[in-house]
Amino acid sequence: MPRSKSQVSGGTTKTKTPEEEPFPVWAEEEIKSVKLGEPEIVTRSGYFLDIYENDYKVDIQVYEALPDGRTIVEGLDVPKSMKLTDFLKGTVYEFKINVSKGDLSPQLTELLKSKYNLDMDSIYRFELQELQLMDVESDLPSSSSSEGNEQEEEE
């Protein structure tokens, strides 16, 4: 009588790696239903990395970190009242951003850490509230005024 594969290999079966295991339904449901707290408005300066006109979303980089420590925000929601075609990539703006935070349960936090190597205990949502173009170049002295000061000092 032929032996089965599991009998040949000593009765052990291959264990699934985390990538092969499906994400638990309870965890997916918890993530979908996380209750976000009241938004906090933060002001940061930075610039646009990418603009997605069809989705009304943008990617930005800010010079000072946001409350969760990131300096790049991908998929930032933009209100429909703003005109995306007016946004300039690579130009410095002051952004006012609504930041909402929702905490994950200790069970989900542990699952993400142990099975998926993700150190995550909260979910954040970012929405652009308003922006102001910054006049960065006017802060720099012009070359003609600095030459004029040097001439005055020499006399």
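Everything here concerns the structure above.
Note that the coordinates shown come from a computational prediction; the quantities given were computed from them, not determined experimentally.

### Let's talk about the pattern of salt bridges
Alright, step 1. What the rule picks out here adds up to seven salt bridges.
Alright, step 2. We note a salt bridge from Asp50 to Lys89, for which the minimum N-O separation is 3.5 Å. On the criterion of sequence distance, the pair formed by Asp50 in strand S1 (residues 40-52) and Lys89 in the loop between strand S3 (72-77) and strand S4 (93-103) is long-range, its members being 39 residues apart.
Alright, step 3. Across the pair Asp68 and Arg70 runs a salt bridge whose closest N-O atoms are separated by 2.5 Å.
Alright, step 4. Connected through shared salt-bridge partners, Lys57, Asp77, Arg125 and Glu127 make up one network.

### Remarks on the pairing of strand S2 (residues 57-62)
Alright, step 1. Pairing of S1 with S2 involves six bridges; the strand directions are antiparallel. Paired with Ile51 across the bridge in S2 is Val58.
Alright, step 2. Linking S1 back to S2 in an antiparallel pair, the connection comprises four residues, with Tyr56 at a positive phi of about 55°.
Alright, step 3. In terms of strand pairing, S2 meets S3 through four bridges, oriented antiparallel. Residue pairing for S3: Gln61 is matched across the bridge by Ile72.

What counts, and where the lines are drawn
- Residues numbered from 1 in each chain as written.
- Predicted model: local features only at pLDDT ≥ 70, side-chain atom pairs only at ≥ 80, totals over all residues.
- Heavy atoms only, no water.
- Salt bridge = Lys/Arg side-chain N within 4 Å of Asp/Glu carboxyl O.
- Helix = DSSP H or I, 4+ residues; strand = E, 2+ residues; numbered from the N terminus.
- Pairing = 2+ DSSP bridges.

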